[in-house]
Amino acid sequence: MVECPAPAPAGGARRQGVEGALHERALIRGHRRSRRIGIVVALLALLVALASCGGGQQAASPTVGLPPPATAANQPAPTAAPTAANPAPAATPAAASATAGQPAAASPQSTAFPMQGPHVGYGMNVWLPTADQDRTLDLLTGAGFTWARQWISWESVEPTPGAYNWTDLDAITTAAQRHNVKLLVVFLRSPAWAEPNHGIPPDAKGKQAYAAMLAAVAQRYKGKIAAYEIWNEQNLAGETGGKVNAGEYVELLKLAFPAVKKNDPGAFVLYGGLTPTGVNDPSVAVDDTIYLQQTYDYQNGEVKQYFDALGAHVSGTLNPPDTLWPDKPGPGPGWQNDRSFYFRRVEDIRAVMEKNSDGAKQIWLTEFGWTTKNQAKGYEYGQYVTEDDQAKYLVGAYQLAEQQYPWMGVMFLWNLNFSTVSQPDDEKTPWSIVYADYSPRPAYIALKNMPKK
């Protein structure tokens, strides 16, 4: 039996029932990747099943997602298989604070498990493959930020089994080194030969292939990629290939962690960022806190051995960073009655970690931010966030974490420059802190002027 979720009011268009809950909780943050045809199909199926629960507007159609694989000569992949044993520690550069416009030199850090990053590192989600890389990274470092997060699809790196295309990664890592920027790369989206729906491979052979790809990447880019995020928003069915399964993700981490560490012991390995959904149907999405607990419950908590830091995604919708339902709800209209609508959702994630005796690890916010007026369906709340609000909220989030979250690591705002490669009606565009012509929005200026430690 499918349960009818409680209505979730939105600013602009107040939807009720399943479609509203999904569109306003899961798809809001989930459609940042825009390629989630699977979740939309699942949603339409649910609408038919749940007509009696109350409907809403049609879900937004997905837009163009990650770019297709580059055409370049492939190189053979290493054949060494990763082992499950923890690698021996080795020295690696640590993330360093930066003054505006000039990143500081890296300093040595311990690689003792779990590795620790800076308390509140300054990062941004960037798009580099088809953007002006030098201009983009100049903007990042010009604001005093030293970390960049970049998506890379597995299918673009290994379009056919055992043959690699290094074109994009070579260019990205070279540009990052040129600008003294630390890279967090999130590897997602299986090639069809590993999983037809581009999700997490369900079989051991497919998972081993993903780990072998990571091993090859870590070997080739040792010291050039500072951190690896293993998959992305795996609590959404559109990201897993059709059904959410926490145990399958743990099995992927068990292979991915040693694959990276064997070839680059100084690289961080992150548990992939979960998205807050407020929805609990494995064919569509699972609430982020529930999913995290499920991974801790799997095989007596063995997941704790296989990641250095926990990735998380939070979105403030139209709520200031210091608000949280029910004690201090946001201003509205709508988007007030569920904790998943707030930046401080990260506190609930932290509570799950500590409940499971995993408090020695940091949380890295691999996506967080506020959109301004947004043309995409499901993001109507953006009309209540002015450009000055966006600037104030982003700065406030960094300050809140600095003052109240001793466990916070690197924070990657969403996003720097997707506006320069996306159309105005693409939902990613109004989250950007620069305009389409690379000129700064108020948020960029505020973040540049923000004191950094």
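Residues numbered from 1 in each chain as written. Predicted model: local features only at pLDDT ≥ 70, side-chain atom pairs only at ≥ 80, totals over all residues. Heavy atoms only, no water.

### Section: the overall build of the protein
For the record, the criterion: Comment: elements are numbered from the N terminus, with helices defined as DSSP H or I runs of at least four residues and strands as E runs of at least two. Relative accessibility thresholds used throughout: buried, under 20% of the residue-type maximum; exposed, over 50%; partly exposed, between the two (1.4 Å probe, protein chains only). It only takes one pair of heavy atoms within 4.5 Å for two residues to be counted as in contact. For the accessible areas, the method is Shrake-Rupley and the probe is 1.4 Å, while residue cover comes only from the protein chains on display.
Summing up its helical and strand segments, the protein has 12 helices and 16 strands in all. Across the 453 residues of the protein, 62% fall into the buried class. Summarising the internal contacts of the protein: among those between residues at least 6 apart in sequence, 74% fall at separations of at least 24. Accessible area for the protein stands at about 16,300 Å²; split by element, carbon and sulfur atoms hold 53% of it.

### Points about the sheet that holds strand β16 (residues 408-413)
Worth spelling out the cut-off: In short, DSSP must find at least two bridges between two strands for them to pair. Each axis is a line fitted through C-alpha atoms, and for a helix only the stretch in contact is used; angles between axes span 0 to 180 degrees, taken between their N-to-C directions.
Strand order in this closed barrel of 8 strands is β6-β7-β9-β10-β11-β14-β15-β16, and the pairing throughout is parallel. Recorded for the sheet is a direction-independent mean angle of 30° between the axes of neighbouring strands. Where strand β7 (residues 147-153) and strand β9 (residues 182-188) come together, 7 bridges link them in parallel fashion. When the sheet's bridge partners are listed, Gln150 is paired in β9 with Val185.

### Looking at the packing of aromatic side chains
Here the distance between the centres and the angle between the planes together describe a pair of aromatic rings. Under the convention used in this document: Two aromatic rings from Phe, Tyr or Trp, using only the six-membered ring of Trp, form a pair when their centres are within 6.5 Å; if the ring planes differ by under 30 degrees the pair is stacked, by over 60 it is edge-to-face, and anything between is tilted. Two thresholds decide whether a charge sits over a ring: the Lys NZ or Arg CZ must be within 6 Å of the ring centre and within 35 degrees of the ring normal.
This model, assessed by the stated rule, comprises 30 aromatic pairs. Here the aromatic residues Tyr122, Phe145, Phe343, Phe368, Trp370, Tyr393 and Tyr398 are joined through ring pairs into a cluster of three or more. Across the ring face of Phe307, the terminal group of Lys361 is positioned such that the distance to the ring centre comes to 3.6 Å.

### Thoughts on the side chain of Ser422
With respect to the helices and strands, the residue Ser422 is situated in the loop between β16 and α12 (442-449). If we skip the residues at most four places from it in the chain, Ser422 touches Lys428 and Thr429.

### So, the packing of helix α3 (residues 133-142) against helix α5 (residues 167-178)
To keep it simple, the criterion reads: An angle below 35 degrees is treated as roughly parallel, one above 145 as roughly antiparallel, one from 65 to 115 as roughly perpendicular, and anything else as oblique. Each helix crossing is assigned a hand: it is left-handed if the near helix lies turned anticlockwise from the far helix by less than a right angle, otherwise right-handed if that turn is clockwise.
Direction vectors running N to C along α3 and α5 enclose 45°, while the axes themselves pass 10 Å from each other. Taken together, the axes of α3 and α5 are oblique relative to one another. As α3 packs across α5, the resulting crossing turns out to be right-handed. Contacts from Gln133, Asp134 and Leu137 in α3 reach Ala171, Ile172, Ala175, Ala176 and Arg178 in α5.

### Describing the nonpolar core
Convention followed: Nonpolar core, defined: a set of buried Ala, Val, Leu, Ile, Met, Phe, Trp, Tyr and Cys residues in which side-chain atoms within 4.5 Å join the residues together.
In this structure, Phe187 and Phe368 are the most contacted members of the largest nonpolar core, which totals 109 residues. Apart from residues no more than four positions distant in its own chain, Phe368 is found in contact with Val314, Phe343, Leu394, Ala397, Tyr398, Met411, Phe412, Leu413 and Trp414. If you look at the next biggest cluster of nonpolar residues, it comprises 11 residues, including Trp147, Leu270, Ala309 and Trp364.

### A few points about unusual backbone geometry
What is expected of a backbone is that most residues other than glycine have negative phi and most peptide bonds are trans. Of the consecutive residues Phe113 and Pro114, the connecting peptide bond is found in the cis state with omega at -5°. With respect to the element layout, Pro114 can be found in the loop between β5 (107-109) and β6 (121-125). Across the junction of Trp325 and Pro326, the peptide omega takes the value 5°, indicating a cis bond. Here Pro326 shows up in the loop between β14 (309-315) and α10 (345-355). Phi at Trp231 is positive, roughly 70°, even though this residue is not glycine. With respect to the secondary-structure elements, Trp231 resides in the loop between β10 (227-230) and α7 (237-240). Under the relative-accessibility criterion, Trp231 is labelled buried at 0%.

### Overview of the side chain of Ser190
What counts here: Whenever two N or O atoms come within 3.5 Å, that pair is a polar contact, provided that in protein one can donate a hydrogen and the other can accept it, and provided that, for residues adjacent in sequence, both atoms are side-chain atoms.
Following the sequence through the fold, Ser190 ends up in the loop between β9 and α6 (204-220). Within polar-contact distance, the side chain of Ser190 engages the backbone oxygen of Gly199 at 2.5 Å. Beyond its immediate chain neighbours, meaning those up to four positions away, Ser190 contacts Trp154, Glu155, Glu195, His198, Gly199, Pro201 and Trp231.

### Concerning α10
By the burial criterion, the buried members of α10 are Arg345, Val346, Asp348, Ile349, Arg350, Val352 and Met353. Buried residues along α10 sit in contact with α9 (288-297), β14, β15 (363-369) and β16. Count one or two residues on from α10 and you reach Ser357, which has phi positive near 55°.

### Side note on the pairing of β16
Side-chain positions along a regular strand alternate between the two faces of the sheet. For clarity, the threshold we go by: Handedness of a crossover is defined as follows: orient the strands so they point away from the viewer, and if the path from the first strand over the helix to the second runs clockwise, the crossover is right-handed.
The buried count for β16 comes to 6 of 6 residues, which makes it a mostly enclosed element. The sheet contact formed by β15 and β16 spans 3 bridges and is parallel. Within β16, the residue paired with Ile363 across the bridge is Met408. After leaving β15, the chain enters helix α11 (residues 387-404) and then returns to the sheet as β16, a path that is right-handed.

### Notes on the environment of Glu195
Mapped onto the elements of the fold, Glu195 is located in the loop between β9 and α6. Considered as a pair, Glu195 and Gly241 are 46 residues apart in the sequence and their alpha carbons are 7.5 Å apart. The contacts of Glu195, once residues within four sequence positions are left out, are Ser190, Ile200, Pro201, Pro202 and Gly241. A polar side-chain atom of Glu195 sits 2.7 Å from the main-chain amide nitrogen of Gly199.

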